Amino acid sequence: MTSTDDRPGGASAPPARQGGGAAFWLRAERLLSGLATLALWVSGAGLTLMTIIITWQVFSRYVLNRSPSWTEASSVLLMGWFIFLGAAVGVRERTHLGFDVLLYFLPAPAKAVMRTISDIVVLAFGAGMIIYGVQLARLTWNTVMPSLALPGGVSFLPVIFGGALVCLFSLERLAGRFAGLPVDVDIHATGEEM
């Protein structure tokens, strides 16, 4: 007898998977969901703080006639954080632009193969972000951002952390697909598994 999974799509899973394996996936999903939520909050806080800093810069320049030197560098640094963290969450939530027309005409097994290839490419891209981000951070760590008095490599930390999240979220979907979980439920409200 099979039991119905309470995830979107209502996929059935064998009883063996409902035991320890299902508990592990549920814990992992909760952890990664919490990590994605934290990344979104940090992104939102960074966007809000950057808006405040730029508003202060404009006010200082045009009203006080004295623009602070730290505002531009700090807003660019914050922009890196909210862009890369937000992009990583977009990978998990499948909200990035994509060319899915071919997927609508393929049978379900071929769709899973195409999505797996896509997830592997995204995983490789995230790994590249980590590798090259670390290299750039190491090369520029001994330099100093004059207006912030921070090591130059700090500006590449968002690339590294964003790449790590992209890898985690891609691995989550790949592992879920190989475990038979309904990770490919269509997000366009058709209710069919992609």
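Below is a short write-up of the structure. All of these numbers come straight from a predicted model, not from anything done at the bench.

## Observations regarding unusual backbone geometry
Here is step 1: Phi is positive for Asn65, close to 60 degrees, though the residue is something other than glycine.
Here is step 2: With respect to the helices and strands, the residue Asn65 is situated in the loop between helix H1 (15–62) and helix H2 (70–93).
Here is step 3: Backbone geometry at Arg94 places phi at a positive 55 degrees, although glycine is not the residue there.
Here is step 4: Of note, Arg94 is situated in the loop between H2 and helix H3 (108–140).
Here is step 5: The class of Arg94 is buried, set by a relative accessible area of 17%.

## Looking at the side chain of Ser43
Here is step 1: Structurally, Ser43 can be placed in helix H1.
Here is step 2: Classification of Ser43 as buried rests on a relative accessible area of 7%.
Here is step 3: When sequence neighbours within four positions are dropped, the list of residues in contact with Ser43 reads Trp81, Phe82, Leu85 and Gly86.

## Here we look at the layout of surface pockets
Here is step 1: Here the second largest pocket defines a volume of roughly 610 Å³.
Here is step 2: Lining the second largest pocket are 23 residues, with His96, Leu97, Gly98, Asp100 and Ser118 positioned closest to its centre.
Here is step 3: Contributions of two or more residues to the lining of the second largest pocket are made by H2, H3 and helix H4 (157–178).
Here is step 4: Counting residues per element, the lining of the second largest pocket draws most heavily on H3, at six residues.

## Some points on the nonpolar core
Generally speaking, a soluble globular protein has its nonpolar side chains buried in company with each other.
Here is step 1: The biggest cluster of nonpolar side chains holds 10 residues, and these are Leu32, Ala36, Ala39, Leu85, Ala88, Val89, Val91, Leu165, Val166 and Phe169.
Here is step 2: Among the elements that make up this core, the one with the highest residue count is H2 (four residues).

## Description of a nonpolar patch on the surface
Here is step 1: Together, Ile54, Trp56, Val58, Phe59, Tyr62, Val63, Leu64 and Trp70 make up an exposed nonpolar region whose accessible area comes to about 790 Å².
Here is step 2: For Ile54, the position within the fold is in helix H1.
Here is step 3: Taking the relative accessible area as the measure of exposure, Ile54 reaches 33% and is therefore partly exposed.

## Some remarks on H4
Here is step 1: In this model, H4 (22 residues) spans 32 Å end to end at C-alpha, consistent with the 32 Å of a helix rising 1.5 Å per residue.
Here is step 2: Immediately beyond the C-terminal end of H4, within one or two residues, lies Gly180, with a positive phi of roughly 85 degrees.

## What about the packing of H3 against H4?
Here is step 1: Running from N to C, H3 and H4 point in directions that differ by 155 degrees, and their axes come no closer than 8 Å. As judged from the angle between their axes, H3 and H4 are roughly antiparallel. The handedness of the crossing between H3 and H4 comes out as left-handed.

## Notes on the environment of Asp184
Here is step 1: Along the chain, the position of Asp184 falls in the segment after H4.
Here is step 2: Among the residues examined, Asp184 registers a relative accessible area of 5% and is labelled buried.

## With respect to the packing of H2 against H4
Here is step 1: Running from amino to carboxyl end, H2 crosses H4 at an angle of 5 degrees, the nearest separation of the two axes being 8 Å. On the basis of their axis angle, the class for H2 and H4 is roughly parallel. Along the contact surface, H2 presents Gly80, Trp81, Phe84, Leu85, Ala88, Val89, Val91 and Arg92, while H4 presents Leu157, Pro158, Val159, Phe161, Gly162, Leu165, Val166, Phe169, Ser170, Glu172 and Arg173.
Here is step 2: Here the residues of the contact of H2 with H4 sort into 13 nonpolar, three polar and three charged.

What counts, and at which threshold
Residues numbered from 1 in each chain as written. Predicted model: local features only at pLDDT ≥ 70, side-chain atom pairs only at ≥ 80, totals over all residues. Heavy atoms only, no water. Helix = DSSP H or I, 4+ residues; strand = E, 2+ residues; numbered from the N terminus. Buried < 20%, exposed > 50% of the residue type's maximum accessible area, 1.4 Å probe, protein only. Contact = heavy atoms within 4.5 Å. 1 Å grid on protein atoms, 1.4 Å probe; cavity = no way out; pocket = protein on both sides within 12 Å on 5 of 7 lines; lining within 4 Å. Points joined across faces, edges and corners; volume = space filled by probe spheres on them. Core = buried A, V, L, I, M, F, W, Y, C linked by side-chain atoms within 4.5 Å. Patch = residues over 30% accessible without salt bridge, like charges linked within 9 Å, V, L, I, M, F, W, Y side chains within 5 Å. Areas by Shrake-Rupley, 256 points an atom, 1.4 Å probe, with all protein chains shown as cover. Salt bridge = Lys/Arg side-chain N within 4 Å of Asp/Glu carboxyl O. Expected span 1.5 Å × (residues − 1). Axes fitted to C-alpha atoms, helices over the stretch in contact; angles between N-to-C directions. Parallel < 35°, antiparallel > 145°, perpendicular 65-115°, else oblique. Left-handed = near helix turned anticlockwise from the far one by under 90°. Nonpolar A, V, L, I, M, F, W, Y, C, P; charged D, E, K, R; others polar.

Distances and angles like these do not, on their own, reveal function.
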